[in-house]
Structure formats: C-alpha cells, structure tokens
Amino acid sequence: MNAKTVVLNGERMNYDHRLDYSILSDEVKVYETTEPSEILERIQGFDIVVTKEMPVSGDIIRRFPDSVKLICEAGTGYNNLDLEAAREKGITVCNVPSYSTERVAHTAIMMIMNLSSSMRRQIAMLTENNHDNFTKCMQVDHVEINAKTLGVVGAGHIGREVIKVAQALGMKILAYDVNAAGDEPGIHFTSLEEVLSQSDYVSLHCPLMPQTRHIINKDTLALMKPTAFIINTARGPLIDEAALIEALQAGRIAGAGLDVQEVEPPAEDNPLYQMENVILTPHMGWRGLETRQRLVSILADDIKNYLNGTPINVVS
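The structure reproduced in this document is the subject of the present report.

## Describing the pattern of salt bridges
For the structure on display, the rule yields 15 salt bridges. Note that Glu-53 is salt-bridged to Arg-12, the shortest N-O span being 2.3 Å. With Glu-53 in the loop between β3 (48-51) and α2 (58-61) and Arg-12 in the loop between β1 (4-7) and β2 (27-30), this residue pair connects regions lying 41 residues apart in the sequence. The class of Arg-12 is partly exposed, set by a relative accessible area of 25%. Sharing partners across several salt bridges, the network here consists of Arg-12, Lys-52 and Glu-53.

## Quick word on the environment of Met-119
Relative to the assigned elements, Met-119 resides in helix α5 (residues 119-127). By relative accessible area, Met-119 is classed as partly exposed at 28%. Along the sequence, Met-119 and Asp-141 sit 22 residues apart, while their C-alpha atoms lie 9.3 Å from each other.

## Some remarks on the packing of aromatic side chains
What the rule picks out here adds up to one aromatic pair. Arranged with centres 5.5 Å apart and planes meeting at 15 degrees, the rings of Tyr-201 and Phe-229 form a pair that is stacked. Here Tyr-201, found in strand β9 (residues 201-204), pairs with Phe-229, found in strand β10 (residues 229-232); they are 28 residues apart in sequence, far enough to count as distant. When sorted by exposure, Tyr-201 lands in the same class as Phe-229, which is buried. Sitting over the face of the ring of Trp-286, Lys-52 holds its NZ or CZ atom 4.2 Å from the ring centroid.

## Here we look at the environment of Gln-293
Take Gln-293: it is sitting in helix α11 (residues 289-307). With a relative accessible area of 38%, Gln-293 lands in the partly exposed category. For the pair Gln-293 and Tyr-21, spaced 272 residues apart in sequence, the C-alpha separation works out to 9.7 Å. When neighbours within four sequence positions are excluded, Gln-293 is seen to be in contact with Arg-18 and Leu-19.

## Things to note about the sheet that holds β10
Paired through backbone hydrogen bonds, the strands of a sheet run either parallel or antiparallel to each other. Pairing within the open sheet is parallel, and its seven strands lie in the order β8-β7-β6-β9-β10-β11-β12. In the strand order of this sheet, the two ends are held by β8 (188-189) and β12 (278-280), each with one partner. With respect to the sheet, helix α4 (residues 101-116) is in contact with β6 (149-153), β9, β10, β11 (255-258) and β12, its orientation differing from that of β10 by roughly 155 degrees. Along the sheet, helix α10 (residues 241-250) makes contact with β10, β11 and β12, crossing β11 at roughly 140 degrees.

## Side note on the pairing of β1
As paired strands, β1 and β2 are joined by four bridges and run parallel to one another. Opposite Val-7, over in β2, you have Val-30 as the bridge partner. In terms of strand pairing, β1 meets β3 through three bridges, oriented parallel. In the strand pairing of β3, Val-7 is matched with Val-50.

Reading the values: rules and limits
- Residues numbered from 1 in each chain as written.
- Predicted model: local features only at pLDDT ≥ 70, side-chain atom pairs only at ≥ 80, totals over all residues.
- Heavy atoms only, no water.
- Salt bridge = Lys/Arg side-chain N within 4 Å of Asp/Glu carboxyl O.
- Helix = DSSP H or I, 4+ residues; strand = E, 2+ residues; numbered from the N terminus.
- Buried < 20%, exposed > 50% of the residue type's maximum accessible area, 1.4 Å probe, protein only.
- Phe/Tyr/Trp six-rings, centres within 6.5 Å; stacked < 30°, edge-to-face > 60°.
- Lys NZ or Arg CZ within 6 Å of the ring centre and 35° of its normal.
- Contact = heavy atoms within 4.5 Å.
- Pairing = 2+ DSSP bridges.
- Axes fitted to C-alpha atoms, helices over the stretch in contact; angles between N-to-C directions.

The structure is reproduced here in structure tokens:
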C-alpha cells in the first residue's frame with residue numbers, strides 16, 4: 001500500500017541535517033517547523049502525520065481531513081496530542097517509547113555522578129582560573145555513590161535501565177511505581193513518601209499526566225534529606241520549578257540535575273542557570289545521533305507495520 005507522510009516539525013529531530021526521512025514511506029514531505037495555524041493546510045492529502053513534542057489541540061485534530069489515518073508521535077511522551085479527539089476522528093495514534101532508553105538513562109546516571117563530585121563547581125573554578133583544588137585540600141564535596149540509595153519514581157523502560165546501571169555501581173534501590181506488583185530482586189517498591197525521605201538521589205521517570213504534574217512540589221520536597229539530590233530527565237512539569245528553586249536557595253535539598261525544565265528553554269533570568277549545585281542541560285537525553293537515527297528507523301518500521309496490519313505501539 002502506497003502512503004504519503006508529512007513531518008510537521010522535522011527540525012526538532014534533524015537539527016543537524018544528518019537524518020534521512022525518506023525511509024518513512026513512499027512519499028514524504030518534511031517541514032522544518034509548523035505553526036498551529038499552518039497544520040490543517042499542510043496535512044491535506046496525507047495519510048500519516050509525524051510530530052515531535054509538538055502540541056496539536058483537539059480542535060485542530062477534529063478538523064483533520066479524512067485522509068489522515070495515523071498520527072506518529074516521534075518520541076515517548078504523547079501529552080501534546082489530544083487522544084480523545086483522535087478517537088472521535090478514528091485516527092490511530094502511536095508513539096515510540098523505547099528508542100532513547102539507554103541514552104536518557106545514561107544522562108540520569110551522568111547527573112548523579114557529576115553531582116556526587118560537585119563537577120559543576122569544579123569546572124567553574126577552572127573557568128575562573130581558580131586552581132585551589134590542585135594546590136590546597138579539596139574545596140568541594142566529593143562522595144562515593146556506591147552504597148548510596150537511589151530512589152526511582154516510575155519504573156518503566158528508562159527507569160529500569162537507570163536501576164540496572166545504578167545496581168552495577170553498587171547503589172541501593174527504592175522505587176515508586178503505581179503499577180508495581182511487589183518487590184523484585186534488588187528493588188524495594190514502596191510509597192512515594194518513603195522514596196523521597198530515604199533516598200540520597202531521586203530520579204524521575206514517570207510520564208506527564210494530570211496526576212503526575214508537580215508530583216515534586218513544596219510538600220514533597222520537604223520530605224527529602226537536605227543532603228539529597230533530585231534528577232529529572234523525563235518531563236519538566238513533573239516538578240514545580242518555583243518550589244524547587246526555593247528549596248535549593250534555602251538549602252533544603254543539596255542540588256538538582258535537570259535535563260528538562262518546566263518551560264523550555266528556561267527564561268534568561270531563571271535562577272537555575274546560576275546555581276552551583278544545579279546541572280542544567282537542554283533536553284539533550286534523546287538527542288544523540290545514534291538515538292535519533294534509531295528513532296527514524298523505528299518510525300519507518302511502525303508505519304510499514306501499520307500499513308501491513310501488523311500491531312504497533314498504539315496509544316489511541
């Protein structure tokens with residue numbers, strides 16, 4: 001079956017122009033970016049619509065042409081798409097949940113290891129031509145992570161990969177997951193409150209839904225140890241950023257590693273940019289070249305399987 005595919009914001013994945021979208025289907029049209037007002041015009045006559053973390057409202061989806069049979073979210077989270085509107089239109093929605101598992105997990109582990117060595121401050125000292133760490137006793141905190149407790153919030157694909165690496169590093173594991181059936185070898189599943197209060201590092205790996213938005217807030221941050229760090233490589237709005245900034249400034253927690261932020265990119269005057277106990281990266285977990293190439297390949301396979309009637313990872 002021939003199919004026509006339109007990629008509405010190809011620049012989001014292919015910002016370095018090293019990916020080949022032509023493998024997606026027989027005919028592929030790629031737009032670098034698309035404004036909401038341009039969506040309906042650009043999808044006319046296409047069978048498959050591909051987006052990457054691009055908000056598409058229910059009002060727009062309800063006006064999709066009948067030609068559109070499949071919307072592909074080129075990533076794990078699909079909170080940007082109105083699934084109910086897609087169901088009403090009879091449009092299938094799929095995502096790609098496991099393309100970036102290792103890369104995002106390794107980003108979380110990188111955050112943990114860098115925070116354990118005050119690497120942000122060490123690099124800043126060198127930039128300031130301050131060599132005190134070399135000529136005097138160590139000026140910054142530097143601790144082992146083996147035997148420390150890692151709390152994982154959300155034990156899906158990425159959360160479990162983080163657990164696997166953390167266990168190899170000798171860390172103890174606490175986890176909170178609403179779907180957990182009970183403890184597993186080396187993993188104690190427990191309440192969110194216990195995970196937050198007992199962990200030295202807390203890493204977030206749950207999807208963004210109404211019930212998880214601001215799951216980390218003033219009250220839950222107050223449960224954490226003052227020596228604990230929080231890591232977020234999932235979705236920015238899982239954390240109430242204003243509450244986090246307040247807790248960091250007051251020393252109620254030790255620091256944070258944030259590959260995602262509540263607003264991306266953060267405002268230029270966001271205090272997080274200047275904090276020595278915060279590692280801030282630009283949602284880079286999924287952006288490795290191999291990771292993005294894998295994403296496009298899986299998308300091509302999903303589209304092919306959908307057209308052939310083979311099951312794919314359908315979310316609506």
